[in-house]
Amino acid sequence: MEGSEIKEENEAGTSQKKRIFVAGATGNTGKRIVEQLLIKGFAVKAGVRDVDKAKSTLPEGNPLLQIVKADVTEGSAKLADAIGDDSDAVICATGFQPSLNLLAPWKVDNFGTVNLVDACQKLGINRFILISSILVNGAAMGQLFNPVYIILNVMGLVLVAKLQAERYIRKSGINYTIIRPGGLKNDPPVGNIVMQPEDTLFRGSISRDQVAEVAVEALLRAESHYKVVEIVASTDAPKRSFEELFGSIEQK
């Protein structure tokens, strides 16, 4: 699997479904990723903190879906047990729940992601996709006074926490795709996907459906390997294939 895209194998007399572990599978973006993976024919292991909630949130009766208890804050050993040696790739769509606990973003968006990467390395899984955010590197972009950068970082420096996790992934040697979406909308997509290199976009929004689509397509496209991409949607943007979108971004 190393260095190659994840493909569903269909050979004469053989039908093997690739299994993808999704962390944060009941979140607004995570559940969409699960749904799109299932539509594409992937087997999905949905990692969730609340199994009962997941059973009422995720598609019922699909033999390709397995729900497992997994809390990214509980360490890499427990996560490795949840992910299992039958998973081919991990998609991280976790996110802290806003609260008065200012350490929550660090526990989930930084250390939780680090725990997932460490679990992958314990298991020999070499494909990791992270849903992050635009403006994580806002300070270096000259966006310190951008209202979005200020508001998000007031809540426990969440963008700083995400950036630290990104850096850990990039140093780990794992085959990654880091997806940084703009403002997330629960509405259906409006406009086409705009994909830019890291530290480029500082405004714009995108439907969670499109974010999920980009995450799933990253599994299928070698052009997405070892890349950080920023995405928004625009009604002025032309429709482009995912090969073109990912191919337009250089590795760093």
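Because the structure is a prediction, the values reported are computed rather than measured. (Residues numbered from 1 in each chain as written. Predicted model: local features only at pLDDT ≥ 70, side-chain atom pairs only at ≥ 80, totals over all residues. Heavy atoms only, no water.)

Okay, the confidence of the model for the chain next. Low-pLDDT portions of the prediction should not be read for the details of their coordinates. Per-residue pLDDT for the chain averages 92, and the proportion of residues at 70 or more is 92%. Contacts from residues 8-15, a stretch scored under 50 in pLDDT, to residues over four places away or in other chains number 10 contacts. (pLDDT = per-residue confidence, 0-100. Contact = heavy atoms within 4.5 Å.)

The subject of this paragraph is the UniProt feature "transmembrane region" (unreviewed entry) in the chain. Mapped onto this numbering, the UniProt entry annotates "transmembrane region" (unreviewed entry) at residues 144-161. Helix and strand shares over residues 144-161 are 67% and 0% respectively, and the end C-alpha atoms of the span are 16 Å apart. (UniProt positions renumbered as here; feature names shortened; annotations may be inferred. Helix = DSSP H or I, 4+ residues; strand = E, 2+ residues; numbered from the N terminus.)

With that out of the way, let us pick up the packing of helix H5 (residues 147-154) against helix H6 (residues 158-172). Look at H5 against H6: their axes get within 6 Å of each other, and the N-to-C directions meet at 85 degrees. Taken together, the axes of H5 and H6 are roughly perpendicular relative to one another. Here H5 contributes Tyr149, Leu152 and Asn153 to the contact with H6, which in turn contributes Val158, Leu159 and Val160. Split by residue class, the contact of H5 with H6 holds 5 nonpolar, 1 polar and no charged. (Axes fitted to C-alpha atoms, helices over the stretch in contact; angles between N-to-C directions. Parallel < 35°, antiparallel > 145°, perpendicular 65-115°, else oblique. Nonpolar A, V, L, I, M, F, W, Y, C, P; charged D, E, K, R; others polar.)

What follows deals with the pairing of strand E7 (residues 127-131). The buried count for E7 comes to 5 of 5 residues, which makes it a mostly enclosed element. Here E7 runs beside strand E8 (residues 175-181); their pairing, made up of 5 bridges, is parallel. Bridge assignment links Phe128 to a residue of E8, and that residue is Tyr176. (Buried < 20%, exposed > 50% of the residue type's maximum accessible area, 1.4 Å probe, protein only. Pairing = 2+ DSSP bridges.)

Judged by side-chain polarity, Leu144, Phe145, Ile150, Ile151, Val154 and Met155 come together as a nonpolar surface patch covering roughly 630 Å² of accessible area. Within the fold, Met155 resides in the loop between H5 and H6. With a relative accessible area of 32%, Met155 lands in the partly exposed category. (Patch = residues over 30% accessible without salt bridge, like charges linked within 9 Å, V, L, I, M, F, W, Y side chains within 5 Å. Areas by Shrake-Rupley, 256 points an atom, 1.4 Å probe, with all protein chains shown as cover. Salt bridge = Lys/Arg side-chain N within 4 Å of Asp/Glu carboxyl O.)

Strands sit in the order E5-E4-E3-E6-E7-E8-E12-E10 across an open sheet of 8 strands; the sheet is mixed. Only two strands of the sheet have a single partner each, and these edge strands are strand E5 (65-69) and strand E10 (192-197). Averaged over all neighbouring strand pairs, the angle between strand axes comes to 20 degrees, with direction disregarded. Of the pairings in the sheet, the one linking strand E6 (residues 89-92) to E7 comprises 3 bridges and is parallel in character. The residue of E7 that forms the bridge with Val90 is Phe128. Where helix H4 (residues 104-123) meets the sheet, its contacts fall on strand E3 (19-23), E6 and E7, and the angle it forms with E7 comes to roughly 170 degrees. Sheet strands touched by H6: E7, E8 and strand E12 (227-234). Its angle to E8, the strand with the most contacts, is close to 160 degrees.

What follows is about unusual backbone geometry. Negative phi values dominate among residues other than glycine, just as trans dominates among peptide bonds. In this model, Leu135 sits at a positive phi of 70 degrees, which is unusual for a non-glycine residue. Structurally, Leu135 can be placed in the loop between E7 and H5. A positive phi angle, near 55 degrees, is found at Tyr226, a position not held by glycine. Counting through the fold element by element, Tyr226 comes out in the loop between helix H7 (208-220) and E12. The class of Tyr226 is partly exposed, set by a relative accessible area of 28%.

This part covers H6. For H6, spanning 15 residues, the distance from its first C-alpha to its last is 21 Å, which sits close to the expected 21 Å at 1.5 Å a residue. Inspection of H6 places Val158, Leu159, Ala161, Lys162, Leu163, Ala165, Glu166, Ile169 and Ser172 among the buried residues, and these make up the whole buried set. On its buried face, H6 is in contact with H4, E7, H5 and E8. Positive phi shows up at Gly173, right after H6, with a value of about 90 degrees. (Expected span 1.5 Å × (residues − 1).)

With that settled, the discussion passes to the packing of H4 against H6. It is the contact of H4 with H6, at a shortest axis distance of 7 Å, that shows an interaxial angle of 15 degrees. Taken together, H4 and H6 sit at an angle that is classed as roughly parallel. Two packed elements cross with a definite hand, and for H4 against H6 that hand is right-handed. Between H4, through Pro105, Trp106, Asp109, Asn110, Thr113, Val114, Val117, Asp118 and Gln121, and H6, the contact on the second element is made entirely by Val158, Val160, Ala161, Lys162, Gln164, Ala165, Tyr168, Ile169 and Ser172. Per-class residue counts for the contact of H4 with H6 are 10 nonpolar, 5 polar and 3 charged. (Left-handed = near helix turned anticlockwise from the far one by under 90°.)

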